[in-house]
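Fold and geometry: a report
What follows is each chain in one-letter form.
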Amino acid sequence: MWGGRFAGGPAAVMREINASISVDKRLWREDIAASKAHAAMLASEGILSPTDAIAIDRGLDTVADEIEAGKLVEDPALEDIHMHVEHRLSELIGDAAGRLHTARSRNDQVATDFRLFVRRCADETICGLDRLELALVDRAEQHAGTVMPGFTHLQSGQPVTLGHHLLAYREMLVRDRSRFADARRRMNENPLGSAALAGTGFDLDRDATTKALGFDRPTANSLDAVSDRDFVVDYLHAAALCSVHLSRLAEEIILWASQPFGFVKLPDAWSTGSSIMPNKRNPDAAELVRGHAARIIGDLVAMLVLLKGLPLAYAKDLQDDKPPLFDAHDLLALSLAAMAGMVADLEFVPARMRAAAAAGHATATDLADWLVSEARVPFREAHHIAGRAVAAAEGEGKALDELGLDRLTAIDPRIDERVLPRLSVEASVAARRSAGGTAPDRVMQVIAAIRADIAAR
Ligand code: ARG
């Protein structure tokens, strides 16, 4: 491609370090779409003859069919997907192929292809998020009234409902969704026409390629357009945070499936056994989701570090932008699909959850709250009284609601029999009716609102 300037060929290792085809062949669809848009625009500006434009367009269709059929012949001498496509086009249509690269550089070409690719990744990820959200909402609806322990410091705090707990993850996913949508909006600008770095002397219609490729507008600065990879960082940041959310959910599933918890049974479809211990049922899928988050975070960091020392404009370091993006996208897609499947199939064990919720005197706050609202005791004093009741129950090896009215009134005479029904875990969750709270009827209201939201998308 640059034989005019060079007398000798590259060293073998130079060829090897320079070639990216094994990685960037994934951009072939985008490369062909962008080339078709560029050629059509060149023709309508009179820069390409109609005959050449037709030959190029048909030739690119043939190249696309061949690659689709698995017939791409990888040649490290041709470096990357852009040169492979152009080279094959020249084999197919001859000289006209050499006119396609008019007013274009691989620098604006790769920036365009990659934006198109990452845009598609964002769309696919949003679909994956929507599927997991639906799985969470369905299970939350089935378990709107299932009581489980709510933890702080992984110590029993107050009872909550499983539906409420699952919907907490749904909120994280909604934020993830908006981060991907926001990244997509910001990246949707067309670099074509920036050429190598300075723009071009040809009279291009950048609005035409913008429209043809579904971009919102042309990029505003050619130097920035060929060297900007913020859109990759935006995607990776959204992916990394999303993977952190999935990892937290995976961690809970792993804990819940462990024998001391026993809150869920892992179905066969999402477990593995052991080659030595016949008793084992391991949560490998959840563990891999947790593990993948580490790699996705690494991909984000790799991309940030890749960019931090680069002067304007293009430098070959930027060729290393693709492996982290492909890696993160693939891992996230798998993680989202695995979590959606696991959430849909988990067998919850409400009896174990309820028993754990009742342990640890988790309704002590309800006793304090009752003293405040029924006996007008200041909360700090009520907290102290309830604390003494917990200590007494603990001393007798009983649960708080088994302590009995006599023991309670002995601790504070303002306590009367009306408090007793308030100390069950069911009463405790039912009482937490504040907006955004765990009460089953609140959870059902929230689910109705979420379903309306999803239908309106
Ligand atoms: N394969 C290259 C990349 O992905 C394409 C751009 C090459 N540009 C250049 N000036 N060598 O970054």
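Per an unreviewed UniProt entry, the protein carries the name Argininosuccinate lyase and comes from Sphingomonas xanthus. Quoted straight from UniProt, the Catalytic activity (unreviewed entry) entry for the protein says "2-(N(omega)-L-arginino)succinate = fumarate + L-arginine". Its UniProt record gives the protein the following Sequence similarities (unreviewed entry) comment, quoted word for word: "Belongs to the lyase 1 family. Argininosuccinate lyase subfamily."

Turning our eyes to something else, we now look at the overall build of the protein. A count of helical and extended segments in the protein gives 18 helices and 6 strands. Against the globule reference of 23 Å for 457 residues, the protein gives a C-alpha radius of gyration of 31 Å, more extended than a compact globule. Its C-alpha atoms give the protein principal-axis dimensions of about 100 × 55 × 40 Å. By the burial criterion, 42% of the 457 residues in the protein qualify as buried. Considering only contacts in the protein between residues 6 or more positions apart, those separated by 24 or more positions represent 76%.

The next point concerns the site of the ligand. Surrounding the ligand, one finds Ser20, Asp24, Asp80, Arg106, Asn107, Val110, Tyr314, Lys316, Leu318 and Gln319. The dominant element in the shell around the ligand, judged by the number of residues it contributes, is helix α6 (residues 106–142), at 3 residues. Of the residues that constitute the shell around the ligand, the class distribution is 3 nonpolar, 3 polar and 4 charged. Counting only domains with at least three residues in the shell around the ligand, you end up with domain 1 (14–102) and domain 2 (117–145 + 160–202 + 219–351).

On to the UniProt feature "domain: Argininosuccinate lyase C-terminal" (unreviewed entry) in the protein. Cross-referencing UniProt, the feature "domain: Argininosuccinate lyase C-terminal" (unreviewed entry) maps to residues 361–430 in the present numbering. Between the C-alpha atoms that bound residues 361–430 the distance is 17 Å, and the span itself is 60% helix and 0% strand.

Here we take up unusual backbone geometry. Residues Leu312 and Ala313 are joined by a peptide bond in cis, for which omega reads 0°. Summarising the element assignment, Ala313 is placed in the loop between α11 (284–308) and α12 (322–345). With a phi angle near 50°, His361 is a residue other than glycine that sits in the positive phi range. Along the chain, the position of His361 falls in the loop between α13 (350–358) and α14 (364–375). For Arg376, which is not a glycine, the phi torsion comes out positive at approximately 55°. Within the secondary structure layout, Arg376 lies in the loop between α14 and α15 (379–395).

Once that is clear, we can look at the nonpolar core. With 102 residues, the main nonpolar core has Ile56, Val118, Tyr235, Leu236, Ala239, Met339 and Met342 as its most contacted residues. Tallying contributions element by element places helix α10 (residues 230–257) first for this core, with 14 residues. Apart from residues lying up to four places away in sequence, Leu236 is in contact with Asp299, Leu300, Met303, Pro324, Leu325 and Ala328. In this structure, Ala364, Ala368, Ala386 and Leu403 belong to the second largest nonpolar core, which totals 16 residues.

Okay, the pairing of strand β2 (residues 155–161) next. Within a regular beta strand, the side chains point alternately toward one face of the sheet and then the other, so they alternate between its two faces. Strand direction decides the pairing type here: strand β1 (residues 147–152) and β2, joined by 6 bridges, are antiparallel. Residue pairing for β2: Val147 is matched across the bridge by Thr161. Counting the residues that bridge the hairpin from β1 to β2 gives 2 residues, and of these His153 lies at a positive phi of roughly 60°.

In the numbering used here, UniProt assigns the feature "domain: Fumarate lyase N-terminal" (unreviewed entry) to residues 5–298. Spanning residues 5–298, this segment combines 61% helix with 6% strand, and its end C-alpha atoms are found 40 Å apart.

Turning our attention to the packing of α11 against α12. In the contact formed by α11 and α12, the axes pass within 9 Å of each other and the chain directions differ by 155°. By the angle between their directions, the pair α11 and α12 is classed as roughly antiparallel. Between α11 and α12 lies a crossing of left-handed hand. On α12, the residues that touch Ala285, Ala286, Val289, His292, Arg295, Ile296, Asp299, Ala302 and Met303 of α11 are Pro324, Asp327, Ala328, Leu331, Leu332, Ser335, Ala338, Met339 and Met342.

Overall, the predicted model of the protein reaches an average pLDDT of 97, with 100% of residues at or above 70. For this predicted complex, the interface confidence score (ipTM) comes to 0.98, while the overall pTM stands at 0.96.

Let's shift gears to the domain arrangement of the protein. Looking at the assigned domains, one finds that the protein contains domain 1 (14–102), domain 2 (117–145 + 160–202 + 219–351) and domain 3 (356–455). Relative placement of domain 2 and domain 3: their C-alpha centres are 38 Å apart. Where the side of domain 2 that touches domain 3 is concerned, the elements lending two or more residues are α6, β2 and α7 (162–187). Each residue belonging to the side of domain 2 that touches domain 3 can be placed in one class, and the counts come to 5 nonpolar, 4 polar and 2 charged.

Turning our attention to the environment of Lys211. With respect to the helices and strands, Lys211 occurs in helix α8 (residues 206–212). Taking the number of C-beta atoms within 10 Å as the measure of exposure, Lys211 has 14 and is therefore partly exposed. In this structure, the C-alpha to C-alpha distance between Lys211 and Ala37, residues 174 residues apart in sequence, is 9.1 Å.

Definitions and cut-offs
- Residues numbered from 1 in each chain as written.
- Predicted model: local features only at pLDDT ≥ 70, side-chain atom pairs only at ≥ 80, totals over all residues.
- UniProt positions renumbered as here; feature names shortened; annotations may be inferred.
- Helix = DSSP H or I, 4+ residues; strand = E, 2+ residues; numbered from the N terminus.
- Rg over C-alpha atoms; globule rule 2.2 N^0.38 Å.
- Buried ≥ 20, exposed ≤ 12 C-beta atoms within 10 Å, placed from the backbone.
- Contact = placed C-beta atoms within 7 Å.
- Near = placed C-beta within 6 Å.
- Nonpolar A, V, L, I, M, F, W, Y, C, P; charged D, E, K, R; others polar.
- Domains from an automatic or database assignment.
- Core = buried A, V, L, I, M, F, W, Y, C linked by C-beta atoms within 7 Å.
- Pairing = 2+ DSSP bridges.
- Axes fitted to C-alpha atoms, helices over the stretch in contact; angles between N-to-C directions.
- Parallel < 35°, antiparallel > 145°, perpendicular 65-115°, else oblique.
- Left-handed = near helix turned anticlockwise from the far one by under 90°.
- pLDDT = per-residue confidence, 0-100.

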